[in-house]
Amino acid sequence: MKQVPVRHDGLPAPGAPMPHFVSDHPFDPNSGEGAGGGMGEASQLRLMWWQFRRHRIAVVSLVFLTVMYAMILVAEFLAPYHQDTRNLDQIYAPPQQVHLFHDGTLVGPFVYGRTQTLNMDEMRRIYTEDRTRVQPLRFLCKGDPYRFWGMIDADRHLVCPAEGGDLFLLGTDRLGRDVLSRIIYGARISLTIGILGVAMSFALGIVIGGLAGYHGGWFDAVTQRVIEVLQSIPSIPLWMALAAVIPVSWSPILVYLGITVILGLLEWTGLARAVRSKLLSLREEDYVLAARLMGAGSARIIGRHMVPGFMSHLIASATLTIPGMILGETALSFLGIGLRAPITSWGILLTEARSVNIIALYPWLMLPVVPVILVILAFNFLGDGLRDAADPYR
Amino acid sequence: MILYILRRILTMIPTLFLISVLVFVIIELPPGDYFESYVAELKALGEQADLTEVELLRERYGFDQPQYVRYLRWAGGMLHGDFGYSFEYRLPVNEVVGDRLWLTVVLSTVTILFTWLIAFPVGIYSATHQYSWGDYGLTFLGLLGLAVPNFMLALVMMFFANLWFGISIGNLMDAEFLNQPMSWQKAQSILSHIWIPVIIIGTAGTAAMIRRLRANLLDELQKPYVITARAKGLAPGKVLRKYPLRMALNFFISDIGSILPALISGAEVTAIVMSLETTGPMLIRALQSQDMYLAGSFLMFLACLTVLGILVSDIALALLDPRIRLGGGAAK
């Protein structure tokens, strides 16, 4: 091959033929798209995850909720006391503070012992801290016995009071039961009721709303009427009416299931409506027509082509439904027509703080409202993040 | 348009019919009836029940007859404005409820107006300043309103109002106006009391509305026509006002339908806690004592209130959006 005169900048001289260059490196057709952060080859789920990660509060909420739900599994271990343990000498005791230093020396986490006196003028118990009685906390210790998951007998706790001492970090109620332990136990009922209810209403909502929106016709008309009926009766009065129907003789577990069913059966309407209205508008899109022309069945068109299109809306509605149910249970229990006493839920705990007097005298009985607020906030933020993530191409 | 409204009103009739059936089924669900528990209670107290009176009432309200007859009587009576008889108060339901229905309407209306006033500007700000500190702060405040249970908020506000202002806010009016006919002073008294329940009930609805307005407006803001409008040089404020806001307004109006039942729910719970003179406290009492006509009338009334609200929102929506009033007939 004839040597081509090469200029000092590497280009052939004007007029000379270009040398034919073939790279002997292996060719990767996707390598060019990798420059955009790999967007081109990431799956839809991966894109969603990337988008979701950018919503910091949503990620924090997800972690928080995961921890809360994990706590349900080991509630007995985490709680310092059993939920029904009564401390008759510690009725309406205020929260105790955890200290680290006693007289300037490090003791590790401990609480001071307390003595109770009766104030006969105001008819209330006064608890005074006794600075001489140092009660160091014990960890991974033996305490109130419990049956782990209703099967294994155990008595280990993450933290317990000193021998003969007390540990009421959030105070006690009118029977001297530890509020913190009851909040931890109550999480089991309060957190699962929303999930069970929303799972039920989600299934009902997608199926019924999907069929109504896609097929239209008489089915749509009937569904519309039913939804309108269910939605136009305000949920709390309707829940109240249905909860009042649950016989007093039912066992607590049956009542719990009954309330879940009531919550789920009445809440699917919002989801169904959202699905239907989105389907109605998506039905007219060209790509749906294209799919139909290619012979796709309605299940495939709904599931593969339309559902991704309105997933964001659906998830926003669903995550808003869970807190609604948790609040609904709380309100029903607070009003005395939801769950009943042997069961411990956050709503049941809040019934202790029923009147203004109690709030004035024993404000710590309102503390169960804190986890309620946190969980509901977390679900809302999570929903926000999911909503943004469900449409990652923005 | 008139045709649309007419059709819309006609579809309300089967809805109301279904609601009345549902309400009737629910109030009939508990085993036994009021008289059985009443007689049993009297016997437990060792008193002689006046069985002739009980029998008379039983017969008058058709408790010796099959259920559908009773339903027809109940529903038929309601059409004439006769809501039945409250067994517990031993008075016709009409006389027992008195002002309560109207106060419920007033409370709900004021709360809706409050919700709109707050939610509209906040929602727009949050959507146009997405992920700014203002957006986070306002969203967080709104969510906090959504997350705090109404009844706790009511209790805490009652406590602080008592502590700071020394006023008792447990009612909707001063005590001397209870059971009095409506007068100027009574209206003033109600107005001075109504704001606390309105804030309590409004918080949850406001938060929900802000969220949805923000979400819908964000959806609109991402669309190409907004970019086009911006690209051709429209001022940002004008772009917002001319296009996306009008689209989002649709959701805003149609949202009444979903906000109203939630508002009324919240209003019921709040009313029970604060013992307001609305339907709430009486409804729960009636439900617990199986005073079925009273409970049924309340449920029916609350349902009618929301159906009417949804009707109003649908008509407003049709006025706003020609696609709905023109397309409504063609699609079906």
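Quick caveat: nothing in here was measured; it's all calculated off a predicted structure.

### Describing the overall build of chain B
Right, so step 1: When helices and strands are counted, chain B shows 15 helices and 2 strands.
Right, so step 2: Within chain B, the fraction of its 332 residues that count as buried is 39%.
Right, so step 3: Counted over contacts in chain B with a minimum sequence separation of 6, partners at least 24 positions apart contribute 72%.

### Brief notes about the overall build of chain A
Right, so step 1: A count of helices and strands for chain A gives 12 helices and 5 strands.
Right, so step 2: Here the C-alpha atoms of chain A give a radius of gyration of 31 Å, more than 25% beyond the 21 Å that 2.2 N^0.38 yields for 394 residues.
Right, so step 3: A separation of at least 24 residues holds for 69% of the contacts in chain A among residues at least 6 apart in sequence.

### As for the interface of chain B and chain A
Reports often express the size of an interface as the amount of accessible area lost when the parts come together.
Right, so step 1: Counting from both sides, the interface comprises 41 residues of chain B and, opposite them, 36 residues of chain A.
Right, so step 2: Secondary-structure elements contributing two or more residues to the side of chain B that touches chain A are helix H1 (2–28), helix H7 (133–147), helix H8 (150–165), helix H12 (244–274), helix H13 (279–288) and helix H14 (292–320) of chain B.
Right, so step 3: Across the side of chain B that touches chain A, the residue classes tally to 33 nonpolar, 7 polar and 1 charged.

### Remarks on the sheet that holds strand S3 (residues 124–136) of chain A
All names here are of chain A.
Right, so step 1: Strand order across the open sheet formed by 3 strands is S1-S2-S3, with antiparallel pairing between neighbours. Here the strands that pair on one side only, and so sit at the sheet edges, are strand S1 (99–102) and S3. Neighbour-to-neighbour, the strand axes of the sheet open up by a mean angle of 55 degrees, direction not taken into account.
Right, so step 2: The sheet contact formed by strand S2 (residues 105–119) and S3 spans 10 bridges and is antiparallel. Residue pairing for S3: Asn119 is matched across the bridge by Arg124.

### Brief notes about the domain arrangement of chain A
Right, so step 1: You can read the domains of chain A as domain 1 (96–167) and domain 2 (181–390).
Right, so step 2: Measuring from the centre of the C-alpha atoms in domain 1 of chain A to the corresponding centre in domain 2 of chain A gives 40 Å.

### Let's talk about the nonpolar core
The tendency in soluble globular proteins is for nonpolar side chains to be buried side by side.
Right, so step 1: Of all hydrophobic cores here, the largest spans 151 residues; its most connected members are Met240, Ala241 and Ala243 of chain A together with Ala295 of chain B.
Right, so step 2: For this core, the element with the most residues is helix H4 (residues 179–215) of chain A, which contributes 15 residues.
Right, so step 3: Every residue in contact with Met240 of chain A, bar those within four places of it in the chain, is listed here: Leu332 and Ile337 of chain A together with Ile284 and Leu287 of chain B.
Right, so step 4: Counting 6 residues, the second largest nonpolar core, distinct from the first, contains Ala93, Phe110, Val111 and Leu167 of chain A.

### Notes on helix H9 (residues 184–221) of chain B
Right, so step 1: Helix length check: H9 of chain B (38 residues) gives 48 Å between terminal C-alpha atoms against 56 Å at 1.5 Å per residue, more than 12% under.
Right, so step 2: The axis of H9 of chain B is deflected most strongly, by about 40 degrees, at Gly202 of chain B.

### Looking at H13 of chain B
All names here are of chain B.
Right, so step 1: Burial runs high along H13: 7 of the 10 residues are buried.
Right, so step 2: Along H13, the positions that sit buried rather than exposed are Thr279, Gly280, Met282, Leu283, Ile284, Ala286 and Leu287.
Right, so step 3: After H13 finishes, the residue Gln290 shows a positive phi value of roughly 60 degrees.

### Thoughts on the packing of H4 of chain A against helix H5 (residues 217–232) of chain A
Residues and elements named next belong to chain A.
Right, so step 1: For the pair H4 and H5, interaxial distance at closest approach is 7 Å and the crossing angle is 130 degrees. In terms of orientation, H4 and H5 fall into the oblique class. When the axes of H4 and H5 are compared, the crossing they make is left-handed. Facing H4, whose interface residues are Ile208, Leu211, Ala212 and His215, H5 presents Gly217, Phe219, Asp220 and Thr223.
Right, so step 2: Here the residues of the contact of H4 with H5 are counted per class, giving 4 nonpolar, 3 polar and 1 charged.

### As for the pairing of strand S4 (residues 138–148) of chain A
Residues and elements named next belong to chain A.
Right, so step 1: Pairing of S4 with strand S5 (residues 152–160) involves 7 bridges; the strand directions are antiparallel. Within S5, the residue paired with Phe148 across the bridge is Ile152.
Right, so step 2: Hairpin connection, S4 to S5: the antiparallel pair is bridged by 3 residues, and Trp149 has positive phi, about 55 degrees.

### Here we look at the packing of helix H6 (residues 100–128) of chain B against H9 of chain B
The description of two helices packed together rests on the angle between their axes and the distance between the axes.
Residues and elements named next belong to chain B.
Right, so step 1: Between H6 and H9, whose axes approach to 6 Å, the crossing angle comes to 35 degrees. Of the two possible hands of crossing, H6 and H9 adopt the one that is right-handed.
Right, so step 2: In terms of residue class, the contact of H6 with H9 is made up of 18 nonpolar, 7 polar and 1 charged.

### Considering the environment of Thr115 of chain B
Right, so step 1: As for its placement among the helices and strands, Thr115 of chain B is situated in helix H6.
Right, so step 2: Taking the C-alpha atoms as reference points, Thr115 of chain B and Lys232 of chain B, separated by 117 residues in sequence, lie 36 Å from one another.

### Brief notes about the confidence of the model for chain A
Residues and elements named next belong to chain A.
Right, so step 1: Taken over all residues, the pLDDT of chain A has a mean of 78, while the share at 70 or more is 91%.
Right, so step 2: Looking at the elements of chain A, mean pLDDT is at its lowest for helix H6 (residues 235–245), recorded as 76, and at its highest for helix H2 (residues 56–73), recorded as 88.
Right, so step 3: In this model residues 34–38 is a low-confidence stretch, pLDDT under 50, and it forms 0 contacts with partners more than four residues away in sequence or in other chains.

### Thoughts on the environment of Val21 of chain B
Residues and elements named next belong to chain B.
Right, so step 1: With respect to the helices and strands, the residue Val21 is situated in helix H1.
Right, so step 2: Residue classification places Val21 among the partly exposed positions, given that 13 C-beta atoms sit within 10 Å.
Right, so step 3: Separated by 50 residues in sequence, Val21 and Tyr71 have C-alpha atoms that sit 7.8 Å apart.

Calculation rules
- Residues numbered from 1 in each chain as written.
- Chains lettered and ligands numbered in written order.
- Predicted model: local features only at pLDDT ≥ 70, side-chain atom pairs only at ≥ 80, totals over all residues.
- Helix = DSSP H or I, 4+ residues; strand = E, 2+ residues; numbered from the N terminus.
- Buried ≥ 20, exposed ≤ 12 C-beta atoms within 10 Å, placed from the backbone.
- Contact = placed C-beta atoms within 7 Å.
- Rg over C-alpha atoms; globule rule 2.2 N^0.38 Å.
- Nonpolar A, V, L, I, M, F, W, Y, C, P; charged D, E, K, R; others polar.
- Pairing = 2+ DSSP bridges.
- Axes fitted to C-alpha atoms, helices over the stretch in contact; angles between N-to-C directions.
- Domains from an automatic or database assignment.
- Core = buried A, V, L, I, M, F, W, Y, C linked by C-beta atoms within 7 Å.
- Expected span 1.5 Å × (residues − 1).
- Bend = angle between axes of the 7 residues up to and from the residue.
- Parallel < 35°, antiparallel > 145°, perpendicular 65-115°, else oblique.
- Left-handed = near helix turned anticlockwise from the far one by under 90°.
- pLDDT = per-residue confidence, 0-100.

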